[in-house]
Number of protein chains: 2
Amino acid sequence: MSKKELPLLQPADPAAPCCSPLAREPLSGAEAATLAPVFKALADPVRLRLFSLIASSAGGQACVCDLTVAFEVSQPTISHHLRVLREAGLVDCERRGTWVYYWLLPNALARLSALLTPAAAAA
Amino acid sequence: MSKKELPLLQPADPAAPCCSPLAREPLSGAEAATLAPVFKALADPVRLRLFSLIASSAGGQACVCDLTVAFEVSQPTISHHLRVLREAGLVDCERRGTWVYYWLLPNALARLSALLTPAAAAA
DNA sequence: TTTCTGATTAGACATCCGTCTATGTACGAC
DNA sequence: GTCGTACATAGACGGATGTCTAATCAGAAA
């Protein structure tokens, strides 16, 4: 395979948003150290499903009780994964009476999306 | 050189730009099991920088020798991280003479971007 | 051929991670 | 108050991960 064509990677027009920020300029060590934990938080199948399940729940939030029954791991394990998501800044939670509700922090998703998406920097 | 392609998760419904696919519908266990390794491959600061460095290199590719000098870890460690990126379907490589060149597999970035970005199909 | 350089592989090692059980805490009902 | 339920925390355990050194492989040049 020669480097005949690498369509999405060529900065053909320097004026246009050629590619995602990740591909436009090398990440600094500091940036990488900030971003990697966010990817790491989503790097587990259970957490990825938890994140998606919270995001797609009615009202944009879900209580732990509903999340727990959707998986086959123990309740403390769910609690652990939720904490990882929380500490990564991906979700937040609040106790309301008996139940604890989790929701997405939209900035987190937007940050990752902006990092990976070509046109995102123009917005 | 590895050429494994991970299946593409794409609800592909341009008529519903409400939110990212991740937030539109809960991920299945199988989808999560497919996607989590890609996030995991980017979940290390060195690998994240390697990925970005390759992507932003002139011609969209970089040789290992250039990548190695950009970090303070040993050359075998760089080689290890490059393999992780390769096995996640994020990059591919080829030996040309003395040097081995790496480049991004564009679908990988597009896959993640589509997962996280609202109305990704419109891009 | 031999030698040198670039890169991968092998193996070891310390640390991290995901999971569990057991326990603790918060809240509502009685 | 006590009891029961929802959730978090503590600690332990096995397996995965990131890093290193040493060895090996691949190609170019003398």
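Report on the accompanying structure. Computed from a predicted model, the values in this text were never measured in an experiment.

Scoring rules and cut-offs
- The numbering scheme is per chain: residues are counted from 1 as the chain's sequence reads.
- To label them, take the chains in the order written and letter them from A, then take the ligands in the order written and number them from 1.
- Totals for whole chains, interfaces and linings use every residue, but because this is a predicted model, local features are given only for residues with pLDDT of at least 70 and side-chain atom pairs only at 80 or more, for both listing and counting.
- In computing side-chain values, all of the structure's heavy atoms are included and hydrogens and water are not.
- Each helix corresponds to a stretch of at least 4 residues labelled H or I by DSSP, and each strand to a stretch of at least 2 residues labelled E; elements are numbered beginning at the N terminus.
- Here a residue-residue contact requires only that any non-hydrogen atoms of the pair lie within 4.5 Å.
- Here the copies were fitted onto each other by least squares, based on C-alpha atoms from residues at pLDDT of at least 70 in both.
- Between any two strands, pairing holds if DSSP finds at least two bridges.
- All axes are obtained by fitting lines to C-alpha atoms, using only the stretch in contact for helices, and the reported angles, taken between N-to-C directions, cover 0 to 180 degrees.

Brief notes about the environment of L35 of chain A
Now for step 1: The topology assignment puts L35 of chain A in helix 2 (residues 29-41).
Now for step 2: The sequence separation of L35 of chain A and R111 of chain A amounts to 76 residues, and the corresponding C-alpha distance is 9.2 Å.
Now for step 3: With residues near it in sequence (within four places) discarded, L35 of chain A still touches L27 and L115 of chain A together with L48 of chain B.

Brief notes about the relation of the copies chain B and chain A
In summary, the two copies of the chain are related to each other by a rotation about an axis coupled with a shift along it.
Now for step 1: Once chain B has been moved 0.0 Å along the axis and rotated by 180°, it coincides with chain A to within an RMSD of 0.1 Å. The symmetry that links the two subunits is that of a two-fold axis.
Now for step 2: Same-surface contact between copies: 80% of interface residues of chain B are shared with the interface of chain A.

Section: the sheet that holds strand 2 (residues 91-96) of chain B
Hydrogen bonds along the backbone pair up the strands of a sheet, which may run parallel or antiparallel.
All names here are of chain B.
Now for step 1: Taken in spatial order, the three strands make up an open sheet running 1-3-2, and their pairing is antiparallel. Unpaired on one side and paired on the other, strand 1 (61-63) and strand 2 mark the two borders of the sheet. Strand-to-strand twist of the sheet, defined as the mean angle between neighbouring strand axes without regard to direction, takes the value 25°.
Now for step 2: Of the strand pairs in this sheet, strand 2 and strand 3 (residues 99-104) are connected by six bridges, and their pairing is antiparallel. Each residue of the ladder has a partner; that of V91, found in strand 3, is L104.
Now for step 3: Strands in contact with helix 3 (residues 45-55) are strand 1, strand 2 and strand 3; relative to strand 3, the strand with the most contacts, it is inclined by about 90°.
Now for step 4: Packing against the sheet, helix 5 (residues 75-87) makes contact with strand 2 and strand 3, and its axis sits at approximately 120° to strand 2.

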